[in-house]
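The primary structure of each chain is shown beneath.
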Amino acid sequence: IDTSQLTNAVVNMAINARDAMPDGGKLLLETVNAVLDEADVAADPDAPAGAYVMLAISDNGSGMSPEVQERAFEPFFTTKEVGKGTGLGLSMVYGFVKQSGGHIKIQSQEGHGTTIRLYLPPATGAVDLIAEVFNLFNMENYTLGTTESAANFNQPNTGQNRTAQLGFRVAF
């Protein structure tokens, strides 16, 4: 996996999440090892069965209509006002995921928020994306959620610990 492209993908999704929450909200980054089985493949033929690392970015913003979800990965498609977006962010994320041998899925409901899941082939090594993403914009009106347990919070090198060190609020 190209770490620069992964960073750009996370940044693009985080910016879209931020823009969907103009009055603040919750942004959740989640990573988990996942296995897509034959049932998953039957439901979505673009997703080959196998082991993946799933990276999800969720927000509790405005959400997307089914029509917008269908077009979200099209180059130059945007719902933002003129001058606020190019319509290339999610199409670049889509291209990166496919180039990497992965799969991408959007789940969204208008008025309730959006989750975008990237399923990427497993790799070795670690990438610290937290500072890259959250230092790009003012996060004072946002809460960063995590799926780590509260018991792990004070352990060194956990996502929550690193995020708190950067000065962000952490929700359990």
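Structure first, text after, so check above.
This write-up is about the structure you can find in this document. (Residues numbered from 1 in each chain as written. Predicted model: local features only at pLDDT ≥ 70, side-chain atom pairs only at ≥ 80, totals over all residues. Heavy atoms only, no water.)

## Here we look at the environment of Asn33
Note that Asn33 resides in strand β1 (residues 25-36). Those residues in contact with Asn33 that sit more than four places away from it in its chain are Tyr52 and Val53. (Helix = DSSP H or I, 4+ residues; strand = E, 2+ residues; numbered from the N terminus. Contact = heavy atoms within 4.5 Å.)

## Examining the packing of helix α1 (residues 3-19) against helix α4 (residues 89-99)
Between α1 and α4, the least distance of the axes is 9 Å, while the angle of their chain directions is 145°. Here the hand of the crossing between α1 and α4 comes out left-handed. Between α1 and α4, the residues in contact are Gln5, Leu6, Ala9, Asn12, Met13 and Asn16 and Gly89, Leu90, Met92, Val93, Phe96 and Gln99, respectively. Of the residues in the contact of α1 with α4, the class split is seven nonpolar, five polar and no charged. (Axes fitted to C-alpha atoms, helices over the stretch in contact; angles between N-to-C directions. Left-handed = near helix turned anticlockwise from the far one by under 90°. Nonpolar A, V, L, I, M, F, W, Y, C, P; charged D, E, K, R; others polar.)

## Things to note about the pairing of strand β3 (residues 103-109)
The two faces of a sheet get side chains in turn, since along a regular strand they alternate between them. Relative to strand β4 (residues 113-120), β3 runs antiparallel, the two being bridged by seven bridges. The residue of β4 that forms the bridge with Lys105 is Arg117. Hairpin connection between β3 and β4: a loop of three residues separates the two successive antiparallel strands, and Gly111 in this loop has a positive phi of roughly 80°. (Pairing = 2+ DSSP bridges.)

## Section: α1
End to end, α1 covers 24 Å across 17 residues, agreeing with the expected 24 Å (1.5 Å per residue, within 8%). Buried residues of α1: Leu6, Thr7, Ala9, Val10, Val11, Asn12, Met13, Ala14 and Ala17, and no others. Put simply, Asp2 is the residue that caps the front of α1, since its side-chain oxygen is 2.8 Å from the backbone nitrogen of Ser4. (Expected span 1.5 Å × (residues − 1). Buried < 20%, exposed > 50% of the residue type's maximum accessible area, 1.4 Å probe, protein only. Polar contact = N/O pair within 3.5 Å; in protein donor to acceptor, adjacent residues only side chain to side chain.)

## Side note on the packing of aromatic side chains
The relative placement of two aromatic rings is captured by the distance of their centres and the angle of their planes. What the rule picks out here adds up to two aromatic pairs. Residues Tyr52 and Tyr119 carry aromatic rings whose centres are separated by 6.2 Å and whose planes lie at 85° to one another, so their mutual orientation is edge-to-face. Of this pair, Tyr52 sits in strand β2 (residues 50-59) while Tyr119 sits in strand β4, placing them 67 residues apart in sequence. Tyr119 gets classed as buried once you look at its relative accessible area, which sits at 12%. (Phe/Tyr/Trp six-rings, centres within 6.5 Å; stacked < 30°, edge-to-face > 60°.)

## Structural notes on the nonpolar core
Nonpolar side chains in soluble globular proteins generally cluster together in the buried interior. If you look at the biggest cluster of nonpolar residues, it comprises 23 residues, and the most contacted ones within it are Met13, Val93, Val97, Ile116 and Leu118. Looking at this core, the elements that each hand over two or more residues are α1, β2, α4, β3 and β4. Among the elements that take part in this core, α1 stands out by supplying six residues, more than any other. If we skip the residues at most four places from it in the chain, Ile116 touches Met13, Leu55, Ala56, Ile57, Leu90, Ile104, Lys105 and Ile106. With seven residues, the next largest nonpolar core counts Ala34, Leu36, Ala47 and Tyr119 among its residues. (Core = buried A, V, L, I, M, F, W, Y, C linked by side-chain atoms within 4.5 Å.)

## What about unusual backbone geometry?
If a residue is not glycine, its phi is most likely negative; likewise, a peptide bond is most likely trans. Look at Phe76: it is not a glycine, yet its phi comes out positive at around 75°. Along the polypeptide, Phe76 turns up in the loop between α3 (66-71) and α4. You can call Phe76 exposed: its relative accessible area is 61%.

## A few points about α4
Taken residue by residue, α4 has Gly89, Leu90, Ser91, Val93, Phe96 and Val97 as its buried positions. Where the residues of α4 are buried, they touch α1, β3 and β4. Gly101 lies just past α4 and shows a positive phi near 85°.

Geometry only, nothing functional implied.
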